[in-house]
Amino acid sequence: MTRGKIQFVEKNWQVYSTLEFNGDMYPSGHGHEIIMHFKKGGFRTRDDYEAYAVDFDERNFGYCNAGYGLISSLGTYEGKPDFVFNEHYTDYLYIVNASGKNITLLSRKDREAPGTEVILPPDQMAIVCFYTVEEIVEREAADLQILPISEKEYNGFLFDQLSLLEDIENVAKKDGAVETLEMIERKRQQIERKLGQEMLVS
């Protein structure tokens, strides 16, 4: 079974990681979903990262429903080139750089090899197989310039997110997934705050 994790580095260089998904996590398997979500404009914020991770797990694995914690903090990157490799080893890592700064990764054939430093630029994603940086993924050209959307479209998107959370919440309640329910409640509050801000502006 090919394992994998999705990691996210935000602006303060705080690093977050999903648990290890076990099965078909290579780039032509479930990894393809992750890559396309990034290319199409996903993973721009931690909120989007967490929401996608919940949806990805719900569709493909169901670990949250079994009571497992989905996302954890790995600490602060601090420019260490081997940060994501030493303690967080898996078959495939999908590392999103949302920090706004270059990140230096160490690409090597195995744990003991000296390795070569590889730069992961801001707003790009690295695909790492074992200890080797296989590819740096860029956004699709059409996504580099975000087109404005109307207030009605934006609010509709937020209501769709609330509906999705309700569906996931129903399943989590049946399975007694406490950590998932707590994450859902946090996401609901964040979305409702955004809706409230839109109402005040209008």
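Counting restarts for each chain, with residues numbered from 1 along the sequence as it is written. Restriction of local features to residues with pLDDT of at least 70 applies here, the model being predicted, together with a cutoff of 80 or more for giving and counting side-chain atom pairs; totals for whole chains, interfaces and linings are based on all residues. Hydrogens and waters are ignored; side-chain quantities use all the structure's heavy atoms.

Undergrad: Even after reading the chapter, I still don't get the environment of Ala-53, so can you show me in this structure?
TA: Assignment of secondary structure puts Ala-53 in helix 2 (residues 46-60). For Ala-53, a relative accessible area of 0% corresponds to the buried category. A sequence separation of 48 residues divides Ala-53 from Lys-5, and the C-alpha atoms of the two residues are 9.9 Å apart. In this analysis, two residues are considered to be in contact whenever any of their non-hydrogen atoms come within 4.5 Å of each other. Excluding residues that lie within four positions of it along the chain, Ala-53 makes contacts with Thr-18, Leu-70 and Ile-71. Helix and strand definitions here come from DSSP, where helices need a minimum of 4 consecutive H or I residues and strands a minimum of 2 consecutive E residues; each element is numbered from the N-terminal end. Accessibility here uses a 1.4 Å probe with only protein chains present; expressed as a share of the type maximum, an area under 20% marks a residue as buried, one over 50% as exposed, and anything in between as partly exposed.

Undergrad: What should I look at first to understand the side chain of Asp-57 in this one?
TA: Tracing the backbone through its elements, the reader meets Asp-57 in helix 2. Asp and Glu count as negative and Lys and Arg as positive, but His and the ends of the chain are not part of the count. We define a salt bridge as a side-chain nitrogen of Lys or Arg found within 4 Å of a carboxyl oxygen belonging to Asp or Glu. Despite its burial, Asp-57 remains without a salt bridge, the nearest opposite charge being carried by Arg-59 at 10 Å. Identification of polar contacts relies on pairs of N or O atoms within 3.5 Å, with a donor-acceptor requirement for protein atoms, meaning one able to donate a hydrogen and the other able to accept it, and with residues adjacent in sequence counted only if both atoms are side-chain atoms. One polar contact links the side chain of Asp-57 to the main-chain amide nitrogen of Tyr-63, over a distance of 2.9 Å. If near-sequence neighbours (up to four positions away) are discounted, Asp-57 is found in contact with Phe-21, Gly-62, Tyr-63, Cys-64 and Leu-70.

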